[in-house]
Amino acid sequence: MFIFSVISINNRELEKLLIYLIIILILIIASKIKVKTFLKKLFLLLPFIIIFSITNLFMKYKISSFDKLNFVSITLKPVISLSAIILLIETTNFVYLIQSLKILGIPKEILNTTLLIYRYFFILLDEIKKIEIARDMRYFGGYFKRQVKVYSNIIGVLLLRSIERSERIFNAMKLRGYENEIRYILKLELNKKEIFILFLFILILIFIRIA
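Now for a look at the structure at hand. (Residues numbered from 1 in each chain as written. Predicted model: local features only at pLDDT ≥ 70, side-chain atom pairs only at ≥ 80, totals over all residues. Heavy atoms only, no water.)

Another aspect to go through is the packing of aromatic side chains. On inspection of all chains with the given rule, the structure shows two aromatic pairs. Both rings, one in Phe 2 and one in Tyr 20, keep their centres 5.5 Å apart while their planes meet at 90 degrees; by these two values the pair is edge-to-face. Taken together, the residues Phe 2 in helix α1 (residues 2-7) and Tyr 20 in helix α2 (residues 14-31) connect sequence positions 18 residues apart. Just as Phe 2 is buried, Tyr 20 falls in that class too. Taken together, a centroid distance of 6.0 Å and an interplanar angle of 35 degrees make the contact between Phe 2 and Phe 201 tilted. In this pair, Phe 2 sits in helix α1 while Phe 201 sits in helix α8 (residues 192-210), placing the two residues 199 residues apart along the sequence. Following the ring pairs from residue to residue traces out a cluster consisting of Phe 2, Tyr 20 and Phe 201. (Phe/Tyr/Trp six-rings, centres within 6.5 Å; stacked < 30°, edge-to-face > 60°. Helix = DSSP H or I, 4+ residues; strand = E, 2+ residues; numbered from the N terminus. Buried < 20%, exposed > 50% of the residue type's maximum accessible area, 1.4 Å probe, protein only.)

So, in structure tokens, the structure goes:
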């Protein structure tokens, strides 16, 4: 709801976007997350946002005051939206997040795949590190063509290992009673405090839009 409210704002209403930005800053302070970690993740995508905004700015033959305002708005919208997503990820357990999306009616196939990718992504990173160590121990430099061949072999080995591991994991899950649905031990339920905060937040969004 927050992201939809942000992206649907008219580009001329820059003051409303600044209000949304202030809300994000307040939530960052209230959640007590590491600002350095937050900015690091945001800055990874910031160059792509700026390039998109500049491209949109120069689509006009003449840069008017409206175009400059449009540039600022188009830059702020994805920055605020991405900040909200990063804030959600940093403050919410990933399993709880998946379970919440399930309650909202997201197809279980998408959620199960996302949860498994998240679970085994770090194992895949360990495999990549092992392959890199093996490469460094056997590789003593060479021409560009030789480097391309080495990295091609690494990609092939990583693909084969991933397929083999996924088959072993799937067979192990089947033996333990997996029926194409991941079950959760804890059940999420909204309490009165959370309902009050949600209701208050929705009122703030509505007030910003109609103001």
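Enumeration over the complete set of coordinates arrives at two salt bridges. With its nearest N and O atoms 3.5 Å apart, the salt bridge here joins Glu 13 to Lys 16. Since its relative accessible area comes to 7%, Lys 16 is described here as buried. A salt bridge links Lys 41 to Glu 90; its shortest N-O distance comes to 2.2 Å. Placement of Lys 41 in helix α3 (residues 35-57) and of Glu 90 in helix α4 (residues 65-91) is noted, with a sequence separation of 49 residues between them. (Salt bridge = Lys/Arg side-chain N within 4 Å of Asp/Glu carboxyl O.)

Considered for burial, the residues of helix α5 (residues 94-103) that qualify are Leu 97, Ile 98 and Gln 99. Where α5 starts, the residue carrying a side-chain oxygen 2.8 Å from the main-chain nitrogen of Val 95 turns out to be Asn 93. Positive backbone phi, at 100 degrees, marks Gly 105, one or two positions downstream of α5. (Polar contact = N/O pair within 3.5 Å; in protein donor to acceptor, adjacent residues only side chain to side chain.)

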